[in-house]
Each structure stands twice: as C-alpha cells, then as structure tokens.
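Listed below are the residues making up each chain.
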Amino acid sequence: MSIQTANSKSIKQAADVLRAGGLVAMPTETVYGLAANALDGQAVARIFAAKGRPQINPLIVHVTSVEQAMRYVEFDIRAQKYADHFWPGPLTLILKKKQGCGISELVSAGLPTIGLRCPAHPVAQQLLKASDLPLAAPSANASGTISPTAPIHVAESLGDKVDMILSGGNCDVGLESTILDLSGAVPIILRPGTVTAEDLAAVEGITPEIGYGNPGAPTSPGQLLKHYAPNANLRLNAIDVAPDEALLGFGSLKFMGVKGGGFAKDLPDGQVLNLSEGADLYQAASHLFAYLRRLDNAGYKNIAVMNIPDTGLGVAINDRLTRAARK
Ligand code: TXA
Ligand code: MG
C-alpha cells in the first residue's frame, strides 16, 4: 500500500489499478471511499474482504454524471430533479436497477436497487473519468469502525489490504452522504447527511419520509449494523465531565464543570476537543470522526459529548453519535 498525493500521474496510475481489479482509496467530499470496478465481481468481492463487511450490506456506486447513472438504473424525472439540485454532491439516490446493467450482483447484495452517487470532490471526479468505470465505494475503513476523513485514517484502518491510497487532504463535509430511497412512491431518507430533510423538501415541495432512527422504519441494511464505533464509551448530552473522562465539546465551554470541582476549560490539552467553539454544525461535522479517533487513540475509556442541537445538519451528527454510543 502506498499513499500518493493526487496529481495527473498518480490518478492515471490509480485508474490502471482499478482496471486491473485492484482497490484504490479515493478522497470524496464526505469521507474517503474504498473504490473498485463495480462491473467486476472479483474486484467488488475484494472490497468486502478488505473491510470485513457483511455481504448483506450493499455498496454505493459512484458515477460522474446522470448520463452514466442512466445506464445502470431507471433514472426517472423525479430522480433527475434531485440530481439537478444536489449532484455532484453528498446525496445518494437509491433507484431500481436496469436488467443486464452489468453492475456486479454483489454490489446491491441481492436487492433490486442500486445506490448511486456523483461525488463533488475533484479527485474523485478525475478518477472516475480516467478509469471510465462506475466505482463501487464504501467508506474506506474496517467494517463497524469510524469512517476515514484523512488518508492516514485509511492507512491505519486497512493497511496493505488496499493497493493504493490517493491523498486529497482532509474531507470537507466529514459525514457520509444523505441516502434517499427513490425506488417507491414516496421518497424516504434512509440515512441523514448534509443534504437535510428541509433541503430535500424544497425540491418540488415533496416532503420525504424519515426512514431511520425508530425501530420498524424502513432503513438501509447498513444502518442496522453496529457502526462508527470508537473503542471508548460515549456519554451523550453531557452537562459535566468526570476528571478521567475526555470531553468532546460543542459551542462555549464556559459553563462546563468537572465533577467534584473545577472547569472543563482548565483540563489538560488533549483531554478536551471542541467540535466547534462557534457552535457551527458544518464545522462540527467536518471534525467529528477525526476527533473521535484522536480521543480514542489517546486511550480514553470514556468520552463525554456535549449536546448538539437536533436540527439541520445536527440530525446527521446525532445519528452518527447515537450509533457510535451503542455497544
Ligand atoms: O458519503 C458516502 O456515501 C461514502 C463515500 C465514500 O461516498 N460512502 C459510504 O458508503 O458511506 P458505506 O458503504 O459506508 O455506506 C453505504 C450505505 C450503507 O448503509 C448501505 O446499506 C446503503 O448505503 N446502501 C447501499 N446500497 C443500497 C441499496 N440499494 N438500498 C438501500 N441501502 C443501500
Ligand atoms: Mg461506512
């Protein structure tokens, strides 16, 4: 495995690796993806093996345009409207698969649908174009662990199981794409992300259903699994911190006390990380996974997490935190 700065030479090399059935970690605006040729069953099987991912959990296929997506799925007018608004960008559309479309059966794990996403990151776009392939790519981390937002996270999690890591710096968004199921009569959000329910409702005034967070709701197979798990225990909505606990802050720490006396702001450097001092949800999302990793790597057994408002992008942040807190 080698980490290579993305440039025209390394992107061409990565495209060759993909055409030969190999695995390339590529930057996207959300998280790093572990890419393989979606038309090649053996290459796709290597993704599942490298991640230790259950084969019941389908993969997202990355494309460079609506025209390319149309080869693989029934891309109707409704899908076109969402794509017009949000592609390229962090929105995955679940659509009915076209018979004989060539996408490996493994990709959709036996479902009659495929998740399609057109990433906004220039390196992902260049790699898609250079390879001229649809790229199956889940997050480039071992199954069940925290998604990678920097190339070093991929190297730490997957090591030599990936043939090449294309480095494009830190991911701007930091949370995986919103997943919108368009295979039925009513659009259903299967995973919350930066494209919020409000953003989606603004398209043609169709309010999507919420398909995550309550038992019995329709959901992506992957949403049912233990996920984003750090080694540490998370204590959510904390209003104070124990002396031996790490603190993941949000907003002002001025009034945050330490159990038994003292203030969180006076705790040693490294025990307290603030997702966003100015309480900016976008900034918090971009820091979330990297900060959880940092506190985990520092060896804290318990992490207290301050309350994050459950509106807009906060819904997606709380979804990831709730699932990270599950043991
Ligand atoms: O931002 C992202 O979406 C990143 C980057 C790399 O693009 N990818 C990502 O992939 O988060 P992954 O595999 O970690 O999550 C994909 C989710 C899983 O929960 C999976 O169950 C769901 O998408 N999914 C994929 N295909 C599906 C389908 N046909 N129907 C329902 N859910 C699907
Ligand atoms: Mg993942």
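Every value quoted in this text rests on a predicted model; they were computed, and no experiment measured them.

A. Inspection of the site of ligand 1 at higher detail. Taken together, 27 residues surround ligand 1, and among them Thr30, Asn57, His62, Ser177 and Gly222 come closest. The separation between an oxygen atom of ligand 1 and a polar side-chain atom of serine 177 is 2.6 Å. For ligand 1, the accessible surface in isolation is 680 Å², of which the surrounding protein chains cover 98%. Counting only elements with at least two residues in the shell around ligand 1, the list comes to β4 (60-62), β6 (113-117) and β10 (188-191). A per-element tally of the shell around ligand 1 places β6 first, with 4 residues. Residues belonging to the shell around ligand 1 are distributed by class as follows: 12 nonpolar, 11 polar and 4 charged.

B. Seen up close, the side chain of asparagine 141. Along the chain, asparagine 141 turns up in the loop between β7 (135-136) and α6 (151-158). Overall, asparagine 141 belongs to the buried group, its relative accessible area being 1%. At 2.6 Å, the side chain of asparagine 141 and the side chain of serine 139 are in polar contact. At 2.9 Å, the side chain of asparagine 141 forms a polar contact with the backbone oxygen of threonine 145. Apart from the residues within four sequence positions on either side, asparagine 141 is in contact with Lys51, Ile146, Ser147, Pro148, Ser157 and Leu158.

C. Molecular detail of the nonpolar core. One finds Phe75, Tyr82, Trp87, Leu91 and Leu93 to be the most contacted residues of the largest nonpolar core, which totals 48 residues. Those elements that place two or more of their residues in this core are β3 (33-37), α2 (41-51), α3 (66-70), α4 (77-86), β5 (91-96), β6 and α6. Per element, the largest residue contribution to this core is 5 residues, and it comes from α2. Residues within four places of leucine 91 in sequence aside, it is in contact with Tyr82, Phe86, Leu116, Arg117, Ser177, Thr178, Leu180, Val195 and Leu200. The next biggest cluster of nonpolar side chains, apart from the first, holds 27 residues, and it includes Leu175, Leu281, Leu295 and Ala316.

D. Highlighting the sheet that holds strand β12 (residues 233-238). The strand order β12-β17-β14-β16 describes an open sheet built from 4 strands, whose pairing is parallel. Strand pairing shows two members of the sheet lacking a second neighbour, β12 and β16 (272-274), which therefore form its edges. Here the average twist between neighbouring strands, direction ignored, is 20°. Inspection of the sheet shows strand β14 (residues 246-249) paired to strand β17 (residues 302-306) by 3 bridges, in the parallel sense. Following the sheet pairing, leucine 248 is matched in β17 by valine 305.

E. Structural detail: the environment of arginine 19. Of note, arginine 19 is situated in helix α1 (residues 8-19). The spatial distance from the C-alpha of arginine 19 to the C-alpha of histidine 287 is 34 Å, given a sequence separation of 268 residues. Excluding its chain neighbours within four sequence positions, the residues that come into contact with arginine 19 are Ala130, Ser131 and Leu133. A polar side-chain atom of arginine 19 sits 2.8 Å from a polar atom in the side chain of aspartate 16.

F. Local environment of the packing of helix α8 (residues 281-297) against helix α9 (residues 314-325). Put simply, α8 and α9 touch, their axes get as near as 10 Å, and they point 25° apart. The angle between α8 and α9 falls in the class roughly parallel. Judged by the twist between their axes, the crossing of α8 over α9 is left-handed. Only Gly314, Ile317, Arg320 and Leu321 of α9 make contact with α8, whose side of the interface consists of Leu281, Ala284, Ala285, Leu288 and Phe289. When grouped by side-chain class, the residues that make up the contact of α8 with α9 number 7 nonpolar, 1 polar and 1 charged.

G. Representation of the pattern of salt bridges. Counted under the stated rule, the structure contains 11 salt bridges. Shared partners join several salt bridges into a network, and the residues in it are Glu176, Asp319, Arg320 and Arg323.

Cut-off values and rules
Residues numbered from 1 in each chain as written. Chains lettered and ligands numbered in written order. Predicted model: local features only at pLDDT ≥ 70, side-chain atom pairs only at ≥ 80, totals over all residues. Heavy atoms only, no water. Near = heavy atom within 4 Å. Polar contact = N/O pair within 3.5 Å; in protein donor to acceptor, adjacent residues only side chain to side chain. Areas by Shrake-Rupley, 256 points an atom, 1.4 Å probe, with all protein chains shown as cover. Helix = DSSP H or I, 4+ residues; strand = E, 2+ residues; numbered from the N terminus. Nonpolar A, V, L, I, M, F, W, Y, C, P; charged D, E, K, R; others polar. Buried < 20%, exposed > 50% of the residue type's maximum accessible area, 1.4 Å probe, protein only. Contact = heavy atoms within 4.5 Å. Core = buried A, V, L, I, M, F, W, Y, C linked by side-chain atoms within 4.5 Å. Pairing = 2+ DSSP bridges. Axes fitted to C-alpha atoms, helices over the stretch in contact; angles between N-to-C directions. Parallel < 35°, antiparallel > 145°, perpendicular 65-115°, else oblique. Left-handed = near helix turned anticlockwise from the far one by under 90°. Salt bridge = Lys/Arg side-chain N within 4 Å of Asp/Glu carboxyl O.

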